[in-house]
Amino acid sequence: MNIVAVGLNHRTAPVELRERLAVTEARLPEALARLKRWPGIDEGVILSTCNRVELYAVVKDTELGLESLSEYMVTIAADVSPGEVEPHLYRLDGADAIKHLFRVAASLDSMVIGEPQILGQVKEAFEAALAGKSTGVVLNKVVKKAISVGKRVRTETGIAENAVSVSYAAVELAKKIFQNLAEKTVLLVGAGEMGKLAARHFISAGVCRVLITNRNYDRALDVAKRFNALPVPFDEFHHEMAGADIVVCATAADSFVIGPEDVQRALHSRRNRPMFLIDISDPRNIDPAVGTLDNAYLYNIDDLQGQVDMNIEQRLREARNAEDIVRAEVPSIVMWMKSLEVVPTIVALRHRANEIQRAEIERIMAKLGDLSPRQRALVEELAAAITNKLLHSPLIALKAEADSPNGSLFAETTQRLFDLEKELQRMSSESSSEQGRRE
Amino acid sequence: MNVLFFEVTLLLYFLGTALFLTQLAGRWEKGSHASLAVAGAGFFFHTLALVSRMIEAGHIPLTSMHEALSFFSWALVLVFLVVELRYRVHILGSFILPLAFISLISAAALPKEIRALEPIFRNVWMHVTLSLLGTVAFAVAFIAGLMYLIQEHMLKSKHLDGLYHKLPALDFLDELNGRAISMGFPLLTLGIITGALFAEFARGSFLNWNAEQIGALGTWLFYLVVLLGRVTVGWRAKKAAYLTVVGFAGVVFTLVGVILKG
């Protein structure tokens, strides 16, 4: 028994191929059902996002399982040939496959390291697999562990801290000037794409009141309607600045639209409540002299970009700590899987010994004829004592080795020595029929 | 008994200060619960120390500089715990705990014996308590102002690292500053009035122009101007932060003068 993974991601495959192989939410149940029936696959999970398509499975034979899973991958899209897909696939097994899943859940394998979506996507993939009953003991444990590793990495390292886009960096900065953005007013000067993007970020951060002005007033009206904002005529917006806590300037003007005297006036009528001015236009629309005024905080696009670059570097540094966490979590799962192989052997060995004991007692009782209850008890006791004493050390040794890398070797040797293969087969068929009945 | 509790408190505040200062330098999540627990435990023992001292003395223990500083430190930690539980501004502890510790260790250096209270001083505790609570409020305003100036500097210089992430938003600090002043000022006013009444009653004159009284009146006038400026002409944000930092420096200066003289 082993865990294997086959997949492709944003590094190994072009976006066109990823799009063709992506398993949409609607198709997922059918794809999982098919994976469950696929030859050589005991358990399976499909993780499909815009950056990756990955299959995780529990198989009996590693080589055959990887082969089989790769074949399945090709069948996801009707119109791709194995030759197109194969070169982009990575195939992992055992500890490598587990580690890969942990890294994915921890957002270490993402295009933007530390991005928050992937953990949710792993959870969704797992829930879909649970719903489709395509997982079992092993994947349930491994995927749950991956999710908890992902959470741990997010809380214990700074991998997900700090903004990595210009608009979001502006929102983060605003939160360090104003405690409660919901009570604040944003004035958007210029209704171009950049401005709208920034406005959208502020609105989703809780800002309720947005004013929009534009040289072309019709456009201001149009955008204002979409954002549920108030349009302001361009030649009047300087008056509105006193009421604006955050000013986002993104016009296409080739000279300054806001000068220090405008801001000074606004600050005065605001009684020196701070103002946050963001200049995301090129060339600059806000006179840099504004930044020297007390209680006015001016950031231009280069400042914000610099902040973003610093945050990305910071995330990369934090990623090293995250890798340590992932590395530390893999061995316990690998050992748990090893112990899974030992436990059935122990059960089978006990079972077999009890069978022999019972059969031999019956045989000897038939030969001995009438015995007093005390004598019968003694004979049974003797038989039990011999089997127990004989089994004592092998059982202890098996249990002790269950967690070690030698676990499966010990299990196999025991199976050979005591001829337990048939016993194990019987047990697994019993348990699967029992599972079938429960389902 | 009260001395033992006092010493345990001193130890806990030292430990708390150390923990809060390491957090200021290092990553945030680690140890924040530990430092809060230590501060809480310190406050608990401090309360025990004050209560047991009161029982032993048989009157409210606010008759010596040692007792005044100890009470000041206790009230500071109380304010921190309240603000922390209400607003979750953990970093406040990194500023308040050191101040509480300094104040308590100064108290430890002063004569600790319980003084027998002359009957005439029976009601002096009211004046002392009000003045001290006013000073605690000014200390909080000072700390809010200090944090404001640091954060303001970070934002202006666009050096957005380290403390920037840990300090709260500017307007929160300004609000805290304003509230502390508007609570501290009436407390100090009442403290001065009760003090004058007491002096009139005990000595027959409510003002005799000693250093302590001049210091108190100067402080009162200063904060009056700060408060009026805030309400009328918008002395808020950076200016208010500066003024409260400078003002508290004046308060400490006066206090040290009184201690050295007396």
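These numbers were taken from a predicted model, which means no experiment stands behind them.

*Asks:* Would you mind going over the domain arrangement of chain B with me for this structure?
*Replies:* How big an interface is tends to be stated in terms of accessible area lost as the parts join. All names here are of chain B. As far as domains go, chain B holds domain 1 (1-111) and domain 2 (123-262). Placing the centre of domain 1 and that of domain 2 at their C-alpha centroids yields a distance of 20 Å. On the domain 2 side, the residues contacting the 23 residues of domain 1 number 23 residues. When domain 1 packs against domain 2, close to 2,100 Å² is buried across both sides, 89% of that on carbon and sulfur atoms. Put simply, domain 1 and domain 2 have zero salt bridges between them. The interface formed by domain 1 and domain 2 contains three residue pairs in polar contact (both at pLDDT 80 or more). The set of elements that each furnish at least two residues to the side of domain 1 that touches domain 2 consists of helix 1 (2-25), helix 3 (65-87) and helix 4 (92-109). Of the residues forming the side of domain 1 that touches domain 2, the biggest block, nine residues, is contributed by helix 3.

*Asks:* It is not clear to me how the confidence of the model for chain A should be interpreted in this structure. Could you clarify?
*Replies:* A residue-level look at chain A finds 97% of positions with pLDDT of 70 or above and a mean pLDDT of 88. Within chain A, helix 5 (residues 95-105) of chain A carries the highest mean pLDDT (95), whereas helix 16 (residues 421-438) of chain A carries the lowest (64).

*Asks:* How do you make sense of the packing of aromatic side chains when you look at a structure like this?
*Replies:* In this description, a pair of aromatic rings is defined by centroid distance and the angle of the planes. By the definition in use, this model includes 14 aromatic pairs over all chains. Arranged with centres 6.2 Å apart and planes meeting at 45 degrees, the rings of Phe5 of chain B and Phe45 of chain B form a pair that is tilted. You can see Phe5 of chain B sitting in helix 1 and its partner Phe45 of chain B sitting in helix 2 (residues 32-57), a full 40 residues away along the chain. Residue classification places Phe45 of chain B among the partly exposed positions, given a relative accessible area of 25%. A centroid spacing of 5.5 Å and a plane angle of 90 degrees characterise the contact between Phe222 of chain B and Tyr223 of chain B, whose relative ring orientation is edge-to-face. Members of the aromatic cluster, connected to one another through ring pairs, are Phe5, Phe44 and Phe45 of chain B. In this structure, Lys176 of chain A is placed above the aromatic ring of Tyr164 of chain B, and the distance from its NZ or CZ to the ring centre is 5.8 Å.

*Asks:* For this particular structure, what's the right way to read the sheet that holds strand 8 (residues 246-249) of chain A?
*Replies:* Strands pair in a sheet through their backbones, by hydrogen bonds, and they do so in one of two ways: parallel or antiparallel. Residue and element names in this part refer to chain A. Taking strand neighbours across the sheet as the criterion, the six strands line up as 7-6-5-8-9-10 in an open arrangement whose pairing is parallel. This sheet does not close on itself; its edge strands, each paired only once, are strand 7 (230-233) and strand 10 (296-300). Put simply, the sheet's adjacent strands are angled 20 degrees from each other on average, direction ignored. Sheet analysis places strand 6 (residues 209-214) next to strand 7, joined by four bridges and oriented parallel. Residue pairing for strand 7: Thr213 is matched across the bridge by Val232. The sheet strands contacting helix 9 (residues 193-204) are strand 5 (185-189), strand 6, strand 8 and strand 9 (275-279), and the helix crosses strand 5 at an angle near 170 degrees.

*Asks:* Help me understand the nonpolar core, please; the structure alone is not making it clear to me.
*Replies:* Soluble globular proteins tend to pack their nonpolar side chains together in the buried interior. Phe202, Ile212, Ile246 and Phe276 of chain A are the most contacted members of the largest nonpolar core, which has 103 residues in total. Ranked by the residues each element gives to this core, the list is headed by helix 5 (residues 124-157) of chain B, at 16 residues. Setting aside chain neighbours within four positions, we find Ile212 of chain A in contact with Leu188, Ala191, Ala220, Val223, Ala224, Phe227, Ala229, Leu230, Pro231 and Val232 of chain A. Residues Leu28, Leu32, Ile46 and Ala97 of chain A belong to the second largest nonpolar core, which totals 65 residues.

Procedures and definitions
- Residues numbered from 1 in each chain as written.
- Chains lettered and ligands numbered in written order.
- Predicted model: local features only at pLDDT ≥ 70, side-chain atom pairs only at ≥ 80, totals over all residues.
- Heavy atoms only, no water.
- Domains from an automatic or database assignment.
- Contact = heavy atoms within 4.5 Å.
- Buried area = accessible area lost by both parts, 1.4 Å probe.
- Salt bridge = Lys/Arg side-chain N within 4 Å of Asp/Glu carboxyl O.
- Polar contact = N/O pair within 3.5 Å; in protein donor to acceptor, adjacent residues only side chain to side chain.
- Helix = DSSP H or I, 4+ residues; strand = E, 2+ residues; numbered from the N terminus.
- pLDDT = per-residue confidence, 0-100.
- Phe/Tyr/Trp six-rings, centres within 6.5 Å; stacked < 30°, edge-to-face > 60°.
- Buried < 20%, exposed > 50% of the residue type's maximum accessible area, 1.4 Å probe, protein only.
- Lys NZ or Arg CZ within 6 Å of the ring centre and 35° of its normal.
- Pairing = 2+ DSSP bridges.
- Axes fitted to C-alpha atoms, helices over the stretch in contact; angles between N-to-C directions.
- Core = buried A, V, L, I, M, F, W, Y, C linked by side-chain atoms within 4.5 Å.

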